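Here is how the chains run, residue by residue.
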2 protein chains.
Amino acid sequence: MQNFTYQNTTKIVFGKGKEEDVGEYTAKHGSKVLLHYGGGSIKKYGTYDKVIESLEAAGVEYVELGGVEPNPKLSLVQEGIELAKEESVDFILAVGGGSVIDSAKAIAVGYFYDGDVWDFYYGDAEITEALPVGVVLTIPAAGSESSTSSVVTKLDGMYKRSIDSKLIRPKFAIMNPEITFTLPNYQTACGAVDIMAHIMERYFTNTDNVEYTDRLSEASLKTIINNTPKVLENNEDYAARAEIMWVGSNAHNGLLGTGREEDWSSHGMEHELSGIYDVAHGAGLAVVFPAWMNYVYQHDLERFAQFAHRVWDVDPDFKDLEWTARQGIKKTKEFFSQIGMPVTLKELDIPAKRLEEMAEKATENGPIGSFVELDTEDVLTIYNNALE
Amino acid sequence: MQNFTYQNTTKIVFGKGKEEDVGEYTAKHGSKVLLHYGGGSIKKYGTYDKVIESLEAAGVEYVELGGVEPNPKLSLVQEGIELAKEESVDFILAVGGGSVIDSAKAIAVGYFYDGDVWDFYYGDAEITEALPVGVVLTIPAAGSESSTSSVVTKLDGMYKRSIDSKLIRPKFAIMNPEITFTLPNYQTACGAVDIMAHIMERYFTNTDNVEYTDRLSEASLKTIINNTPKVLENNEDYAARAEIMWVGSNAHNGLLGTGREEDWSSHGMEHELSGIYDVAHGAGLAVVFPAWMNYVYQHDLERFAQFAHRVWDVDPDFKDLEWTARQGIKKTKEFFSQIGMPVTLKELDIPAKRLEEMAEKATENGPIGSFVELDTEDVLTIYNNALE
């Protein structure tokens, strides 16, 4: 186990009807908020009205900026920063999923910065201040509701880049599983893959002696694997929706990475896919992650065998760990298929022609990953292996 | 799953040599600290010197109060409060295990109160303010380093009572597994039982649909079960010490109880034992918990069968869940014995004569527990069943 520092300050407010208390939680941090959200779903299903009512009851003023798209765009972030400055807001309330929250975090750091907020994402400026952010979560997936990261896409050049700072960890995250009843199955499945990927990016590590975080990770994966099919079968299964929602936060709040080196190359490779083709992040991960596993598993057969056995209940063949390891990868891929996710680039309608460009972009700052370091050639091979 | 609110603000600073940074962390919260500790072990093994050196280097003034005993006493707490007031300290630094930390928390709440601090423990006053507390953990067991609770014993009448408030959650907890190398095996084993008990008090619940916290709990228990024997065999097994230490905090920081009703009757019964006989809390729990399990398991055979299967790898007999359930209890008790813990009152040299008095005291505010509510008769039966 490596030395680590860990602190997760986000207050989780979990359960039925909790979005109706958002005004009260917001009022503890601000008096004038930028209410940030995505498309029409929060209006269609009543969440918007409940939030507005609660803010008004708590005497919190608000200005609105909707329109956040999946793979949130820098242009809307810039618009949000202008608006936040003009209106002198002192808090940002994100009502949505990971894209809305990431966009809100970007606005939060841009608020105190005179230059282009992209500087933070490109590594040209350091985050020293941010407006506080609060969340009403509507899609369990990104874990952004209690994470320190934000991912934004710049259309000019199709760059998708991220920042990481404890200053953008949300103050509170209101999580009502009922709000997720109306999520389409495809989006639920994308969320499940994203959550699993957050766990697996930490699970496949070169750090020895990490039994506890291994076991916590396996517990988290099994919970997603058991509950996702239930939710796809019955969208209003509160219990299963709640399990997924709570795992989603813990998968990405840092706990599962304590004391371990993390990998994140699959996320890096996926960002190039969704940066260029605007596919759903979870769908991209369902394609990239198994291809990555197949490319790297021989680096640590014991770890992949443990994954197969503990997560997928594969009976280990101790004389053939390679076979055992492969069963875990196979089952991961089969599970993604079963829940309706693509597992090849072909299924995503992504052709071979720009793979080289993506491989170069993914590695433009040098090799990615730590479990196995991947250079441009490696990334290209993985993309090619994922074609069909 | 029940609705819940969860926030754990303690900063965990984990790893080799980290106690040398205590001055830096302390200086963020205070400039004059009450340094609170137990017997001589922190002086004997060098931790005291490192802490003092670090405080001085950071320019933090300190006054000292040592002498905290296991099952920390109200009298020393009162002395600490006087000293803290006289010296106008603005921070309390606990260097020790659960007893030292609990004593420090008691001083922290007593500092702002004109009456007797026992009023909080007896439920006659409400905690509205507390000095900030920091921790250098030397014994992984109580989980007090990131918990909201404190347990103190009043010798007059032999009462052991607790408080619970987020105001006493430590600001930081420095956890270096190396510091635990010198713990005697008996104390290590007591710690393991205490950690397991914190998990099991939450595991045995009447709340349905708690798969995720079940699995996290099982992961935590398995990690303790695997690593405790390793540490008893090799006291300087850093990896195993680290696993135990990190589980110890997570076992009692609230995470494993999110969305569930908790029980806590075994702790209640044990507090009467250690209140009167001054036995180590973990040793008392090793006696009480299996006796409690045997008394209540028929209330939910499925849950006890799951515990047997997932925690102890018992092959379930689906046609005989009662047998399956009993195997889990048997294995729990055997494990406690194997690591050198008593499993009967006789082994603790506790005779039958005061059991009735203890049963009455344990239930003086009404029945205890929630998985199965226990009245005075029930508690007495459990004590009697634990005799030998």
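As the structure is a computational prediction, the values presented were derived from the model and not from experiment.

K.L.:
I would appreciate a short explanation of the packing of aromatic side chains in the present structure.
P.N.:
The relation between two aromatic rings is expressed through the spacing of the ring centres and the mutual angle of the planes. Per the stated rule, a full pass over the model turns up 48 aromatic pairs over all chains. For the pair F204(B) and F307(B), a centre-to-centre distance of 5.1 Å together with 65 degrees between the ring planes defines the contact as edge-to-face. With F204(B) in the loop between α7 (185-203) and α8 (211-233) and F307(B) in helix α12 (residues 301-312), this pair connects stretches of sequence that are 103 residues apart. Both residues of the pair, F204(B) and F307(B), count as buried. Taken together through their ring pairs, the aromatic side chains of Y203(A), F204(A), F289(A), W292(A), Y297(A), F304(A), F307(A) and F371(A) make up a single cluster. Over the ring of Y159(B) we find K361(B), and its NZ or CZ is 4.6 Å from the ring centre.

K.L.:
So what exactly am I meant to see when it comes to the relation of the copies chain A and chain B here?
P.N.:
One copy of the chain maps onto the other through a rotation about an axis plus a displacement along that axis. Once chain A is rotated about the relating axis by 180 degrees and shifted along it by 0.0 Å, it coincides with chain B to within an RMSD of 0.0 Å. Between the two chains, the operation in question is that of a two-fold axis. The C-alpha atom lying nearest the rotation axis in chain A is that of T9(A); the distance is 2.4 Å.

K.L.:
Looking at this structure, I do not really get unusual backbone geometry. What am I missing?
P.N.:
Backbone geometry follows two general trends: most residues other than glycine have a negative phi, and most peptide bonds adopt the trans configuration. All names here are of chain B. Look at N209: it is not a glycine, yet its phi comes out positive at around 55 degrees. With respect to the helices and strands, the residue N209 is situated in the loop between α7 and α8. N209 sits in the partly exposed class, given a relative accessible area of 44%. Backbone geometry places W264, a non-glycine residue, at a positive phi of 70 degrees. On the secondary structure map, W264 appears in the loop between α9 (238-250) and α10 (265-277).

K.L.:
Can you help me understand the packing of helix α7 (residues 185-203) of chain A against helix α10 (residues 265-277) of chain A in this one?
P.N.:
A packed helix pair is summarised by two numbers, namely the angle formed by the two axes and the spacing between the axes. Residues and elements named next belong to chain A. Interaxial distance between α7 and α10 falls to 9 Å at its minimum, and their mutual angle equals 135 degrees. Here α7 is positioned oblique relative to α10, judged by the angle of their axes. Counting all contacts with α7, which are made through D194, A197, H198 and E201, the residues of α10 involved are S265, S266 and H267.

K.L.:
How do you make sense of the packing of α7(A) against helix α8 (residues 211-233) of chain A when you look at a structure like this?
P.N.:
All names here are of chain A. One way to put it is that α7 packs onto α8 with a least axis distance of 10 Å and a crossing angle of 170 degrees. The angle between α7 and α8 places the two elements in the roughly antiparallel class. Residues N185, T188, A192, I195, M196, I199, M200 and Y203 of α7 pack against D214, S217, E218, S220, L221, I224, I225, T228, V231 and L232 of α8. Tallied by class, residues from the contact of α7 with α8 come to 11 nonpolar, 5 polar and 2 charged.

K.L.:
In this structure, what is going on with the domain arrangement of chain A? I would like to understand it.
P.N.:
A common measure of how large an interface is: the accessible area buried when the components associate. Residue and element names in this part refer to chain A. The assigned domain composition of chain A is domain 1 (11-178) and domain 2 (183-385). Counting residues at the interface gives 30 residues for domain 1 and 27 residues for domain 2. Where domain 1 abuts domain 2, roughly 2300 Å² becomes buried across the two surfaces, and 57% of that area is made up of carbon and sulfur atoms. Broken down residue by residue, the surface that domain 1 buries against domain 2 is led by P140, M158 and K160, which jointly contribute 24%. There are 3 salt bridges connecting domain 1 and domain 2. With its nearest N and O atoms 3.4 Å apart, the salt bridge here joins R161 to E272.

K.L.:
What am I meant to see in the UniProt feature "domain: Fe-containing alcohol dehydrogenase-like C-terminal" (unreviewed entry) in chain A here?
P.N.:
The positions UniProt marks with the feature "domain: Fe-containing alcohol dehydrogenase-like C-terminal" (unreviewed entry) are residues 188-386 of chain A. Annotated as residues 188-386 of chain A, this span is 65% helix and 0% strand, and its ends, taken at the C-alpha atoms, are 23 Å apart.

K.L.:
What exactly am I supposed to notice about the UniProt feature "domain: Alcohol dehydrogenase iron-type/glycerol dehydrogenase GldA" (unreviewed entry) in chain A here?
P.N.:
As annotated by UniProt and renumbered to match this structure, "domain: Alcohol dehydrogenase iron-type/glycerol dehydrogenase GldA" (unreviewed entry) occupies residues 10-177 of chain A. End C-alpha to end C-alpha, residues 10-177 of chain A measures 18 Å, and it is 30% helix and 26% strand.

K.L.:
What's the story with the side chain of T223(B) in this structure? I'm lost.
P.N.:
When you line up the elements, T223(B) lands in helix α8. When neighbours within four sequence positions are excluded, T223(B) is seen to be in contact with E211(A), Y212(A), R215(A), E243(B) and V247(B).

Conventions and cut-offs
Each chain carries its own residue numbering, running from 1 in the direction its sequence is written. All chains are assigned letters beginning at A, and all ligands numbers beginning at 1, according to the order in which they are written. Only residues with pLDDT of at least 70 get local features here, since the model is predicted, and only at 80 or more are side-chain atom pairs given and counted; chain-wide, interface and lining totals rely on the full set of residues. Values shown for side chains rest on all heavy atoms present in the structure; no hydrogens or waters enter the calculation. We call Phe, Tyr and Trp rings a pair once their centres come within 6.5 Å, taking the six-membered ring for Trp, and we label the pair stacked below 30 degrees between planes, edge-to-face above 60, and tilted otherwise. In this description a helix means any DSSP run of H or I spanning at least four residues, a strand means any run of E spanning at least two, and both kinds are numbered starting from the N terminus. When accessible area is computed with a 1.4 Å probe and restricted to protein chains, residues below 20% of their type maximum are described as buried, those above 50% as exposed, and intermediate ones as partly exposed. A ring is considered to have a charge above it if a Lys NZ or an Arg CZ atom is located within 6 Å of its centre and within 35 degrees of its normal. When the copies are overlaid, the least-squares fit takes in C-alpha atoms only where the residue has pLDDT of at least 70 in both copies. Each axis is a line fitted through C-alpha atoms, and for a helix only the stretch in contact is used; angles between axes span 0 to 180 degrees, taken between their N-to-C directions. An angle below 35 degrees is treated as roughly parallel, one above 145 as roughly antiparallel, one from 65 to 115 as roughly perpendicular, and anything else as oblique. It only takes one pair of heavy atoms within 4.5 Å for two residues to be counted as in contact. Here the term charged refers only to Asp, Glu, Lys and Arg, the term nonpolar to Ala, Val, Leu, Ile, Met, Phe, Trp, Tyr, Cys and Pro, and the term polar to all other amino acids, Gly among them. Start and end points for every domain follow an automatic or database-based domain assignment. When two parts are brought into contact, each loses some accessible area as probed by a 1.4 Å sphere; the total of that loss over both is the buried area. Between Lys or Arg on one side and Asp or Glu on the other, a salt bridge is scored when a side-chain nitrogen of the former is within 4 Å of a carboxyl oxygen of the latter. UniProt positions are given in the numbering used here, feature names are shortened, and annotations may be inferred rather than shown by experiment.

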